[in-house]
Amino acid sequence: MVELKTDTSIDAMREAGRVVAQALAAARKHAAVGVSLLELDEVAHQVLRDAGATSPFLGYRPSFATTPFPAVLCTSVNDAIVHGIPTKYRLRDGDLVSIDFGARLDGWVGDSAVSFTVGTPRPADLTLVETAERALAAGIAAAVVGNRIGDIAHAVGTVCRAGGYGVPQDFGGHGVGRQMHEDPSVPNEGRPGRGMPLRHGMVLAIEPMLIGGGTDGYHEASDGWTLCTNDGSRAAHAEHTVAITDAGPRILTAL
Ligand code: MG
Ligand code: MG
């Protein structure tokens, strides 16, 4: 069931989203060659503590997971697409990193992700990240009253495919509210004009995931969480929590 949020609730979700944006910005700023993924997790965790917020990621155990998620930040490097667990791994020159973060503040959740390169970037990675951001922007632009879920999915998928990239089929966006994952699901590919109509008060996480090699296949790593590309190519991920309003889409996880 889709829960429509009141304007007051959306304002409260914006405050949770602001914490997410601050944590992602701090972790990104800290990321550099030689810095470990666990350090990035700690930087993000400190932002949570300072804000009096908690983590919807830490201890999270959805049906597909055999163990609870052990960190507040997902760190997915190179061929990892999403759900990477922070480890002692130290970032290397040219790595492509995706970080995904959530915060719960006053009972409301925000969820956002960003991808970037560390050190000297590979040109292909810059194009991949730029396309992920454009796919996200296209999805947000389609998140308007009168459209349907399929219009968001179509907008996202069209940008990804036009770039020649693969799109993992079983993971995508979702409703957000008091829970991190609520109805409806927001696929990263779909047919325009199909699916649930978008209404004022719906809050959605829109999150394109792109596989650089152009194939869609992925597998779960031995840690039981990290999803990696089957072709070994690099992946990018971008995400914002967005409220659909009569005045247009409102990004809740911007700085
Ligand atoms: Mg996320
Ligand atoms: Mg999400």
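Because the structure is predicted, anything quoted here is derived from the model rather than measured.

K.L.:
Please clarify how the sheet that holds strand β12 (residues 240-245) should be interpreted in this entry.
P.N.:
Taken in spatial order, the five strands of this open sheet run β6-β5-β7-β12-β13, and their pairing is antiparallel. Sheet topology places β6 (182-186) and β13 (248-251) at the edges, where each strand pairs with a single neighbour. The mean inter-strand angle of the sheet, taken between neighbouring strand axes irrespective of direction, is 30 degrees. Two strands pair when backbone bridges link them, and strand β5 (residues 173-175) and β6 are joined in this way by three bridges, in the antiparallel orientation. Looking at the pairing, H174 lines up with S185 of β6. Contacting β7 (203-206), β12 and β13, helix α1 (residues 7-30) crosses the sheet at an angle of about 40 degrees to β13.

K.L.:
I tried to follow the packing of helix α3 (residues 123-141) against helix α4 (residues 149-162) on my own but got confused; where do I start?
P.N.:
The relative placement of two packed helices is expressed as an angle between their axes plus a distance between the axes. Between α3 and α4, whose axes approach to 8 Å, the crossing angle comes to 160 degrees. By the criterion of interaxial angle, the relationship of α3 to α4 is roughly antiparallel. Of the two possible hands of crossing, α3 and α4 adopt the one that is right-handed. Between α3, through T131, R134, A135, A138 and G139, and α4, the contact on the second element is made entirely by I152, A155, V156, V159 and C160. The residue inventory of the contact of α3 with α4, partitioned by class, reads seven nonpolar, two polar and one charged.

K.L.:
Can you walk me through α1 in this structure?
P.N.:
Note: α-helices contain 3.6 residues per turn, so residues at a spacing of three or four share the same orientation. Its 24 residues give α1 an end-to-end C-alpha distance of 35 Å, which sits within 8% of 34 Å, the value for a rise of 1.5 Å per residue. Residues S9, I10, M13, R14, A16, G17, V19, V20, A21, A23, L24 and A27 constitute the buried set of α1.

K.L.:
How should the sheet that holds strand β1 (residues 73-77) be read in this particular structure?
P.N.:
Two modes of strand pairing occur in sheets, parallel and antiparallel, and in both the strands are linked by backbone hydrogen bonds. Reading across the sheet, the three strands line up as β1-β3-β4 and stay open at both edges, with antiparallel pairing between neighbours. The strands lining the two open edges of the sheet, one partner per strand, are β1 and β4 (108-117). Along the sheet, successive strands turn relative to each other by an average axial angle of 15 degrees, direction set aside. By the bridge criterion, five bridges tie β1 to strand β3 (residues 96-105) in an arrangement that is antiparallel. Each residue of the ladder has a partner; that of S76, found in β3, is S98. Sheet strands touched by α1: β1, β3 and β4. Its angle to β4, the strand with the most contacts, is close to 30 degrees.

K.L.:
Honestly, the nonpolar core in this entry has me stumped. Any pointers?
P.N.:
Looking at soluble globular proteins, one finds that nonpolar side chains tend to be buried together. Core analysis: the largest hydrophobic core is formed by 27 residues, its most contacted members being I152, L198, L204 and I206. If you list the elements that add at least two residues to this core, you get α3, α4, β7 and β12. In contact with L198, other than residues within four places in its own chain, are A142, A143, V144, V145, G146, N147, R148, I149, I152, L204 and I244. Listed in part, the 26 residues of the second largest apolar core include L48, F101, V114 and F116.

K.L.:
Teacher, can you tell me more about the packing of α1 against helix α2 (residues 37-51) here?
P.N.:
Where α1 meets α2, the axes come as close as 9 Å, and the angle between the chain directions of the two elements is 150 degrees. The chirality of how α1 crosses α2 is right-handed. Here α1 contributes V19, Q22, A23, A26, A27 and H30 to the contact with α2, which in turn contributes E39, L40, V43, A44, V47, L48 and A51. Taken together, the residues that form the contact of α1 with α2 break down as 10 nonpolar, two polar and one charged.

Conventions we followed
Residues numbered from 1 in each chain as written. Chains lettered and ligands numbered in written order. Predicted model: local features only at pLDDT ≥ 70, side-chain atom pairs only at ≥ 80, totals over all residues. Heavy atoms only, no water. Pairing = 2+ DSSP bridges. Helix = DSSP H or I, 4+ residues; strand = E, 2+ residues; numbered from the N terminus. Axes fitted to C-alpha atoms, helices over the stretch in contact; angles between N-to-C directions. Contact = heavy atoms within 4.5 Å. Parallel < 35°, antiparallel > 145°, perpendicular 65-115°, else oblique. Left-handed = near helix turned anticlockwise from the far one by under 90°. Nonpolar A, V, L, I, M, F, W, Y, C, P; charged D, E, K, R; others polar. Expected span 1.5 Å × (residues − 1). Buried < 20%, exposed > 50% of the residue type's maximum accessible area, 1.4 Å probe, protein only. Core = buried A, V, L, I, M, F, W, Y, C linked by side-chain atoms within 4.5 Å.

None of this, on its own, says anything about what the molecule does.
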